[in-house]
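Read off the chains here:
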Amino acid sequence: MDTLAVVVEEPERVALRRLALVPPDADDVVVAVDYSGISMGTEKLMYNGTMPMFPGMGYPLVPGYEAVGTVIDAGANAQAMIGKTVFVPGSSKFEGARGLFGGQARHVITGAARVIPMPDGMGEQAVLMSLAATAQHAVVGGEMPDLIIGHGVLGRLLARIALAAGVEPVVWEINDARMSGAEGYRVIKPESDERRDYRSIYDASGDHRILDQAVMHMTRGGEIVLAGFYSEPLSFNFAPAFRREARIRIATEFQPDDLATCFAMVGSGRLSLEGLVTHRVPAADAPTEYGRAFSDPTCLKMVFDWRNIA
């Protein structure tokens, strides 16, 4: 079996090419992907060549971990999955390219235990569930944010989760193109913020220089949550953080419970995914459009539509 896949051949060079797939084993499923989303964090680092060295990192690679589709075949132990709509966090079963994370393809093969059944009718918005679960995982470890840094998709989801919990956060954003779109919370420029009493600051910007600025706006005993992904070392001036007895927490990958919580919130209407997918592109245009996802400030989330590709 083979598939068409987005392949980052080397930094800033993308192709759509056909790759052979490793045959499925008894516990695998074969998924026909309908939509895949581009991560503005890790995929940007893979694209521009600044991704820290992870197991499996290297070129050429198939990126992506935000895909949704239908199980069309399965091994002997996973036959019950056939016909189900599932979220796919990716695959490594490509020949001729690395799979990090391997979700940007028309067909993927992966373990049945790795895919997540999805409610019907979500369509392209289903690709947002990994980011929603990432935001949920970040808030599980502490207080809801009263300051969020960055008004991209992750920042907006954090704000919406906070609102659902009865907290009205402030959001910092430096890009004029991303100041709009807030409902129920304020988006301001950092330099206009005179508050120095934030208890729970969440960084969703991925800016490795953010700690000193965040510390200056926090109250004593406050916490900074690093919810982004950082390609450069983070550092901070000790004395201001010492005076505030600051705490710093790193939020990592979401867990199944986080995803279940987000499904329930979306299903009940407490968490909206509206307005977050801004660019919808036929997957055939991936070689020219993939890089635009990272350079166009109006692009919050680009989704590839694979449905018309064989």
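Residues numbered from 1 in each chain as written. Predicted model: local features only at pLDDT ≥ 70, side-chain atom pairs only at ≥ 80, totals over all residues. Heavy atoms only, no water.

J.: Whenever I open this one, the side chain of Ser-200 confuses me. Can you help?
T.: Looking at the element boundaries, Ser-200 is found in strand S14 (residues 198-203). A relative accessible area of 1% places Ser-200 in the buried class. Not counting the four nearest positions on each side in its chain, Ser-200 is found in contact with Glu-143, Met-144, Pro-145, Asp-146, Leu-147 and Glu-223. (Helix = DSSP H or I, 4+ residues; strand = E, 2+ residues; numbered from the N terminus. Buried < 20%, exposed > 50% of the residue type's maximum accessible area, 1.4 Å probe, protein only. Contact = heavy atoms within 4.5 Å.)

J.: Sorry, what's going on with helix H3 (residues 153-164) here?
T.: An α-helical segment advances 3.6 residues per turn. Residues three or four places apart therefore align on the same side. Taking 1.5 Å of rise per residue, the twelve residues of H3 would be expected to cover 16 Å, and the 16 Å separating its terminal C-alpha atoms lies within 8% of that figure. Along H3, ten of the twelve residues are buried, which leaves the element largely enclosed by surrounding structure. Listing the buried residues of H3 in full gives Val-153, Leu-154, Gly-155, Arg-156, Leu-157, Leu-158, Ala-159, Arg-160, Ile-161 and Ala-162. After H3 finishes, the residue Gly-166 shows a positive phi value of roughly 90 degrees. (Expected span 1.5 Å × (residues − 1).)

J.: In this structure, what is going on with the side chain of Asp-28? I would like to understand it.
T.: Along the chain, Asp-28 falls in strand S3 (residues 28-37). With a relative accessible area of 3%, Asp-28 lands in the buried category. Here Asp-25 takes part through its backbone nitrogen, which lies 3.0 Å from a polar atom of the side chain of Asp-28. A distance of 2.3 Å separates a polar atom in the side chain of Asp-28 from a polar atom in the side chain of Lys-93. (Polar contact = N/O pair within 3.5 Å; in protein donor to acceptor, adjacent residues only side chain to side chain.)

J.: Can you help me understand the pairing of strand S6 (residues 85-88) in this one?
T.: Residues in a regular strand point their side chains to alternate faces of the sheet. Pairing of strand S5 (residues 66-74) with S6, which is carried by four bridges, proceeds in the antiparallel orientation. Residue Thr-70 lies in a different strand from S6, and its bridge partner there is Thr-85. The pairing of S6 with strand S10 (residues 116-117) spans two bridges and is antiparallel. Its bridge partner lying in S10, Phe-87 is registered against Ile-116. (Pairing = 2+ DSSP bridges.)

J.: Would you take a moment to explain the pattern of salt bridges for this structure?
T.: Working definition: two side chains of opposite charge can pair if their charged atoms are close together. Applying the stated rule across the entire model yields 17 salt bridges. With a shortest N-O distance of 3.9 Å, Lys-93 and Asp-25 are connected by a salt bridge. With Lys-93 in the loop between S6 and strand S7 (94-95) and Asp-25 in the loop between strand S2 (13-21) and S3, this residue pair connects regions lying 68 residues apart in the sequence. Owing to a relative accessible area of 40%, Asp-25 belongs among the partly exposed residues under this scheme. For Asp-176, the salt bridge is made with Lys-189, and the minimal N-O distance between the two is 2.8 Å. Placement of Asp-176 in the loop between strand S12 (170-172) and strand S13 (186-188) and of Lys-189 in the loop between S13 and S14 is noted, with a sequence separation of 13 residues between them. (Salt bridge = Lys/Arg side-chain N within 4 Å of Asp/Glu carboxyl O.)

J.: Would you explain the sheet that holds strand S15 (residues 218-226) in this entry?
T.: Pairing between the strands of a sheet comes from backbone hydrogen bonds, and it takes one of two forms, parallel or antiparallel. Strand order across the open sheet formed by six strands is S13-S12-S11-S14-S15-S16, with parallel pairing between neighbours. The two strands at the open ends of the sheet, each matched to only one other strand, are S13 and strand S16 (247-250). Neighbour-to-neighbour, the strand axes of this sheet turn through a mean angle of 20 degrees, independent of strand direction. The sheet contact formed by S12 and S13 spans three bridges and is parallel. By the bridge assignment, Trp-172 is partnered in S13 with Ile-188. (Axes fitted to C-alpha atoms, helices over the stretch in contact; angles between N-to-C directions.)

J.: When you look at the nonpolar core in this model, what are you seeing that I'm missing?
T.: Formed by 46 residues in total, the largest nonpolar core has its most connected members in Val-29, Val-31, Tyr-290 and Phe-304. It is strand S1 (residues 2-10) that provides the largest number of residues to this core, a total of five residues. The contact partners of Tyr-290, leaving out residues within four places of it in the chain, are Val-6, Val-8, Val-14, Ile-38, Glu-43, Tyr-47, Pro-63, Gln-104 and Phe-304. Membership of the second largest hydrophobic core comes to 40 residues, among which are Ala-227, Phe-263, Val-277 and Val-303. (Core = buried A, V, L, I, M, F, W, Y, C linked by side-chain atoms within 4.5 Å.)

On their own, these measurements won't tell you what the molecule is for.
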